[in-house]
Amino acid sequence: MSVELPFAPVDAVIRRNADGLRVSAGAAEELARRIQQRGASLATTAAEEATRDGRKTLMPSDFGIEHVPDKDGLELPVAPVDRIARLDIDDDYRVAMDARVALADLLESFADDVAAAAADLARHADRRTVKAADVETYFELAQYY
(Lines give C-alpha, C1' and ligand atoms only; values in the text may rest on other atoms or scores of the structure.)
Protein backbone atom coordinates (compact mmCIF):
# COMPACT_ATOMS: atom_id res chain seq x y z
CA MET A 1 0.00 0.00 0.00
CA SER A 2 1.43 3.35 -0.98
CA VAL A 3 1.15 6.22 1.45
CA GLU A 4 -0.75 9.24 0.12
CA LEU A 5 0.45 11.76 2.72
CA PRO A 6 3.78 13.51 2.21
CA PHE A 7 6.08 12.81 5.13
CA ALA A 8 7.15 16.43 5.72
CA PRO A 9 3.87 17.61 7.29
CA VAL A 10 3.67 14.41 9.35
CA ASP A 11 7.23 15.04 10.52
CA ALA A 12 6.18 18.59 11.50
CA VAL A 13 3.27 17.23 13.56
CA ILE A 14 5.60 14.87 15.39
CA ARG A 15 8.16 17.62 16.02
CA ARG A 16 5.59 19.98 17.52
CA ASN A 17 4.69 17.23 19.99
CA ALA A 18 8.22 15.94 20.59
CA ASP A 19 9.41 18.86 22.71
CA GLY A 20 12.91 19.05 21.25
CA LEU A 21 13.42 15.38 20.41
CA ARG A 22 14.67 14.42 16.97
CA VAL A 23 12.36 12.57 14.61
CA SER A 24 13.46 9.68 12.41
CA ALA A 25 12.20 9.36 8.85
CA GLY A 26 10.81 5.98 9.83
CA ALA A 27 8.64 7.54 12.52
CA ALA A 28 7.14 9.99 10.04
CA GLU A 29 6.54 7.20 7.53
CA GLU A 30 4.91 4.92 10.11
CA LEU A 31 2.66 7.68 11.41
CA ALA A 32 1.69 8.65 7.85
CA ARG A 33 0.70 5.03 7.22
CA ARG A 34 -1.38 4.94 10.41
CA ILE A 35 -3.03 8.28 9.56
CA GLN A 36 -3.95 6.88 6.16
CA GLN A 37 -5.51 3.76 7.68
CA ARG A 38 -7.48 5.87 10.14
CA GLY A 39 -8.65 8.28 7.43
CA ALA A 40 -9.83 5.49 5.13
CA SER A 41 -11.74 3.91 8.01
CA LEU A 42 -13.39 7.22 8.98
CA ALA A 43 -14.37 7.83 5.35
CA THR A 44 -15.95 4.38 5.09
CA THR A 45 -18.05 5.09 8.18
CA ALA A 46 -18.94 8.55 6.81
CA ALA A 47 -20.01 7.00 3.49
CA GLU A 48 -22.32 4.64 5.36
CA GLU A 49 -23.81 7.63 7.18
CA ALA A 50 -24.31 9.53 3.92
CA THR A 51 -25.97 6.47 2.36
CA ARG A 52 -28.39 6.25 5.30
CA ASP A 53 -29.28 9.89 4.63
CA GLY A 54 -29.75 9.16 0.91
CA ARG A 55 -26.70 11.15 -0.20
CA LYS A 56 -23.64 10.39 -2.29
CA THR A 57 -21.71 13.41 -1.00
CA LEU A 58 -19.83 13.14 2.27
CA MET A 59 -20.42 16.15 4.50
CA PRO A 60 -18.62 17.26 7.70
CA SER A 61 -21.55 16.00 9.78
CA ASP A 62 -20.86 12.49 8.45
CA PHE A 63 -17.52 12.74 10.26
CA GLY A 64 -19.19 14.06 13.43
CA ILE A 65 -17.95 17.62 12.86
CA GLU A 66 -20.23 20.58 13.50
CA HIS A 67 -17.73 23.41 12.98
CA VAL A 68 -15.16 23.10 10.19
CA PRO A 69 -11.84 24.79 11.01
CA ASP A 70 -9.92 27.03 8.63
CA LYS A 71 -7.80 24.83 6.38
CA ASP A 72 -4.90 27.29 6.57
CA GLY A 73 -4.52 26.40 10.25
CA LEU A 74 -3.86 22.74 9.47
CA GLU A 75 -0.49 21.11 8.99
CA LEU A 76 -1.82 18.18 6.96
CA PRO A 77 -2.53 19.09 3.32
CA VAL A 78 -6.13 18.66 2.18
CA ALA A 79 -5.47 17.16 -1.30
CA PRO A 80 -3.79 13.98 0.00
CA VAL A 81 -6.46 13.71 2.70
CA ASP A 82 -9.05 13.73 -0.10
CA ARG A 83 -7.23 10.83 -1.78
CA ILE A 84 -7.13 8.99 1.55
CA ALA A 85 -10.87 9.50 1.98
CA ARG A 86 -11.50 7.84 -1.39
CA LEU A 87 -9.29 4.78 -0.83
CA ASP A 88 -11.97 2.41 0.46
CA ILE A 89 -15.23 4.01 -0.70
CA ASP A 90 -17.06 3.59 -3.99
CA ASP A 91 -16.17 6.00 -6.80
CA ASP A 92 -19.80 7.18 -6.86
CA TYR A 93 -19.24 9.11 -3.63
CA ARG A 94 -18.06 12.70 -3.58
CA VAL A 95 -16.30 14.38 -0.69
CA ALA A 96 -17.36 17.99 -0.11
CA MET A 97 -14.50 20.45 0.35
CA ASP A 98 -15.50 21.24 3.92
CA ALA A 99 -15.69 17.49 4.61
CA ARG A 100 -12.09 17.13 3.38
CA VAL A 101 -11.02 19.89 5.75
CA ALA A 102 -13.00 18.29 8.59
CA LEU A 103 -11.31 14.95 7.93
CA ALA A 104 -7.88 16.61 7.79
CA ASP A 105 -8.62 18.22 11.17
CA LEU A 106 -9.67 14.87 12.67
CA LEU A 107 -6.58 13.17 11.31
CA GLU A 108 -4.29 15.92 12.57
CA SER A 109 -5.78 15.61 16.06
CA PHE A 110 -5.24 11.86 15.85
CA ALA A 111 -1.65 12.43 14.72
CA ASP A 112 -1.05 14.88 17.59
CA ASP A 113 -2.19 12.28 20.12
CA VAL A 114 -0.03 9.55 18.61
CA ALA A 115 3.00 11.84 18.25
CA ALA A 116 2.81 13.01 21.87
CA ALA A 117 2.59 9.43 23.10
CA ALA A 118 5.44 8.31 20.81
CA ALA A 119 7.60 11.13 22.19
CA ASP A 120 6.80 9.96 25.73
CA LEU A 121 7.81 6.43 24.76
CA ALA A 122 11.10 7.67 23.27
CA ARG A 123 11.86 9.59 26.48
CA HIS A 124 10.94 6.53 28.54
CA ALA A 125 13.45 4.52 26.49
CA ASP A 126 15.99 7.26 27.28
CA ARG A 127 16.40 8.19 23.62
CA ARG A 128 16.57 11.60 22.02
CA THR A 129 14.96 10.44 18.77
CA VAL A 130 11.36 9.42 18.11
CA LYS A 131 11.52 6.25 16.02
CA ALA A 132 9.03 4.15 14.09
CA ALA A 133 9.13 1.64 16.95
CA ASP A 134 7.71 4.32 19.26
CA VAL A 135 4.75 4.84 16.95
CA GLU A 136 4.23 1.09 16.65
CA THR A 137 4.48 0.66 20.42
CA TYR A 138 1.83 3.34 20.92
CA PHE A 139 -0.65 1.26 18.92
CA GLU A 140 0.22 -1.83 20.94
CA LEU A 141 -0.39 0.13 24.16
CA ALA A 142 -3.19 2.43 22.89
CA GLN A 143 -5.77 0.94 25.22
CA TYR A 144 -3.77 2.30 28.16
CA TYR A 145 -3.53 5.88 26.84
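Within an unreviewed UniProt entry, the label attached to the chain reads NFYB/HAP3 family transcription factor subunit, and the organism entered is Haloarcula saliterrae. The UniProt entry for the chain carries the following comment under Sequence similarities (unreviewed entry): "Belongs to the archaeal histone HMF family."

## Description of helix α5 (residues 132-141)
For α5, the set of buried residues is D134, V135 and Y138. Angularly, the buried residues of α5 cover 100° about the axis, an arc narrow enough to put them on a single face. Looking at the buried positions of α5, the neighbouring elements they touch are α2 (25-52), α4 (97-124) and β4 (129-130).

## A closer look at a nonpolar patch on the surface
On the surface, L141, Y144 and Y145 cluster together into a nonpolar patch covering about 360 Å² of accessible area. On the secondary structure map, Y144 appears in the segment after α5.

## Section: the packing of α2 against α4
It is at 10 Å that the axes of α2 and α4 come closest, and there the two elements cross at 140°. When the interaxial angle is binned, α2 and α4 end up oblique. When you trace α2 past α4, the crossing you get is right-handed. For the pair formed by α2 and α4, the contact residues are L31, R34, I35, R38, G39 and L42 on the first element and L103, L106, L107, F110, A111, V114 and A115 on the second.

## With respect to the packing of helix α3 (residues 78-85) against α4
Packing of α3 against α4 brings their axes to within 9 Å, and their N-to-C directions diverge by 95°. Considered as vectors, α3 and α4 are oriented roughly perpendicular to each other. Between α3 and α4, the contacting residues are V78, V81, D82 and A85 on the first element and M97, R100, V101, L103, A104 and L107 on the second.

## Some details on the environment of A142
Its location among the elements puts A142 in the segment after α5. Here the alpha-carbon distance between A142 and A117, two residues 25 residues apart in the chain, equals 9.1 Å.

## Focus on the pattern of salt bridges
A complete count under the given rule lists 15 salt bridges for this structure. The partner of E4 in a salt bridge is R83, and the shortest N-O contact between them spans 2.9 Å. With a gap of 79 residues between them, E4 in the segment before α1 (7-18) and R83 in helix α3 connect regions that are remote in the sequence. For E4, a relative accessible area of 22% puts it in the partly exposed group. In this structure, the salt-bridge partner of R16 is E108, at a minimum N-O distance of 2.7 Å.

Thresholds, definitions, all that
- Residues numbered from 1 in each chain as written.
- Predicted model: local features only at pLDDT ≥ 70, side-chain atom pairs only at ≥ 80, totals over all residues.
- Heavy atoms only, no water.
- UniProt positions renumbered as here; feature names shortened; annotations may be inferred.
- Buried < 20%, exposed > 50% of the residue type's maximum accessible area, 1.4 Å probe, protein only.
- Helix = DSSP H or I, 4+ residues; strand = E, 2+ residues; numbered from the N terminus.
- Arc of directions from axis to C-beta.
- Contact = heavy atoms within 4.5 Å.
- Patch = residues over 30% accessible without salt bridge, like charges linked within 9 Å, V, L, I, M, F, W, Y side chains within 5 Å.
- Areas by Shrake-Rupley, 256 points an atom, 1.4 Å probe, with all protein chains shown as cover.
- Salt bridge = Lys/Arg side-chain N within 4 Å of Asp/Glu carboxyl O.
- Axes fitted to C-alpha atoms, helices over the stretch in contact; angles between N-to-C directions.
- Parallel < 35°, antiparallel > 145°, perpendicular 65-115°, else oblique.
- Left-handed = near helix turned anticlockwise from the far one by under 90°.

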